[in-house]
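Remarks on the overall topology
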Amino acid sequence: MTFCNKYYIIKVCEISQKVITVSAVTTTGRSDKVKNYVSASVLSADMLNLQDEIRKLESSGIEMLHFDVMDGIFVNNITFGLPVLEMVRKSTDMTLDVHLMITDPLKYAERFAKAGADYISFHIESESDTAETIKAIRSGGAKPALAIKPATPAEAVYEYLDQLDMVLVMTVEPGFGGQSFIPETTEKVRKIRNKADELGLDIMVEVDGGINDSTSEIVKEAGANVLVSGSYLFRAADMASAAAGLRKGKIC
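One structure accompanies this document, and this report is about it. (Residues numbered from 1 in each chain as written. Predicted model: local features only at pLDDT ≥ 70, side-chain atom pairs only at ≥ 80, totals over all residues. Heavy atoms only, no water.)

**Considerations on the overall build of the chain**
Counted only if it meets this: Strands are runs of DSSP state E lasting at least two residues, helices are runs of H or I lasting at least four, and both sets are numbered from the N terminus onward. Think of it in three bands: residues with accessible area under 20% of the maximum for their type are buried, residues over 50% are exposed, and the middle band is partly exposed, with areas taken using a 1.4 Å probe on protein chains only. Contacts were defined at the residue level, with two residues in contact if any of their heavy atoms lie within 4.5 Å. Working definition of accessibility: Shrake-Rupley area with a 1.4 Å probe, residue cover restricted to the visible protein chains.
Within the chain, the regular secondary structure consists of 8 helices and 10 strands. The buried share of the chain, taken over its 252 residues, is 56%. Here the analysis covers contacts within the chain between residues at least 6 apart in sequence; of these, 67% occur between residues at least 24 apart. Carbon and sulfur atoms provide 50% of the accessible area of the chain, an area that totals close to 10,700 Å².

Here it is as structure tokens:
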């Protein structure tokens, strides 16, 4: 991955059975060497054969499993909840990247953490108090992340950056998989990465929606290093090669 104006080195500090932790060091130079992670969206998996799908992800070297929780109110779709997450946690040591697209994440944050989530993203546009929800996620033992919809400005998350492990920038409207990437969201990724860098914060920036081998290059250049992908991965003839294509950097 390359940011042409700065040089970041992301190193893996800890890979436990369940969770990936990274730290960033900023130096000077022409190009960046950044560790990129792929988070496979379970929305695109074969739910009747989910355990087999998880084994395929593991054998393909995919680091994270993105678990979209929708309540039919915050977004116009309903997916799955705590019982499925608990079963998934028992089935794999992959990092579980839970995205709560629900009206009241504060009510459920600790329960999702205790059910096995490693990262929990919730929306700043939800009805819950943002700071209290972040605290509840940490209290449950998970790492907090704040998500923003395409219409929400990057500046909305700035005051919370020092409390977060990750920011999730939606690059499509939340609620359904298989949508096309919204190019205008790229600038938000850049702003959040730059602000975090300015503050000296070692947070990850995640993108979700329409991510494939072409759009991944755009968002990585802007500063994203966690790439959520569903259809592109699960429909690939060679999932491992597809994932490698997402992570692959480019030279300035």
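**A look at the sheet that holds strand β10 (residues 226–229)**
The condition that has to hold: Pairing between strands requires that DSSP locate at least two bridges from one strand to the other. What counts as an axis is a line fitted to C-alpha atoms, over the stretch in contact for a helix, and the angles between N-to-C directions run from 0 to 180 degrees.
What the 8 strands build is a closed barrel, ordered β3-β4-β5-β6-β7-β8-β9-β10; its pairing is parallel. For this sheet, the mean angle separating the axes of adjacent strands, direction not counted, is 25°. Against the sheet, helix α3 (residues 105–114) makes contact with β4 (64–70), β5 (95–101) and β6 (119–123), and its axis sits at roughly 170° relative to β6, the strand it touches most.

**Focus: the packing of aromatic side chains**
Centre distance and the angle of the planes are the two values used to describe a pair of aromatic rings. Applied cut-off: Paired rings are identified among Phe, Tyr and Trp, the last through its six-membered ring, by centres lying within 6.5 Å, and are further divided according to the angle between planes into stacked (under 30 degrees), edge-to-face (over 60) and tilted (the rest). Lysine and arginine charges are scored as sitting over a ring when NZ or CZ, respectively, is within 6 Å of the ring centre and within 35 degrees of the ring normal.
If you walk through the whole model with that rule in mind, you get 1 aromatic pair. The ring of F74 is capped by K149, whose NZ or CZ atom sits 4.4 Å from the centre of that ring.

**Details of helix α1 (residues 50–59)**
Note the cut-off: When we speak of the arc, we mean the arc of directions from the helix axis to the C-beta atoms.
Three or more residues of α1 are buried, namely L50, E53, I54 and L57. Projection of α1 onto a plane perpendicular to its axis shows the buried side chains occupying an angular sector of 100°, all on one side. Turned more than 90 degrees from where α1 packs its buried face, D52 and S59 sit exposed. Taken together, the buried residues of α1 touch β3 (37–41), β4, α2 (82–91), α7 (231–234) and α8 (239–247).

**Regarding the pattern of salt bridges**
Opposite charge on two side chains lets them pair, provided their charged atoms get close. The criterion, for reference: Criterion for a salt bridge: a side-chain nitrogen of Lys or Arg within 4 Å of a carboxyl oxygen of Asp or Glu.
This model, assessed by the stated rule, comprises 10 salt bridges. A salt bridge links R247 to E63; its shortest N-O distance comes to 3.0 Å. Residue R247 is found in helix α8, and its partner E63 is found in the loop between α1 and β4; the two are separated by 184 residues along the sequence. Through salt bridges with shared partners, a single ionic network connects E187, R190 and E221.

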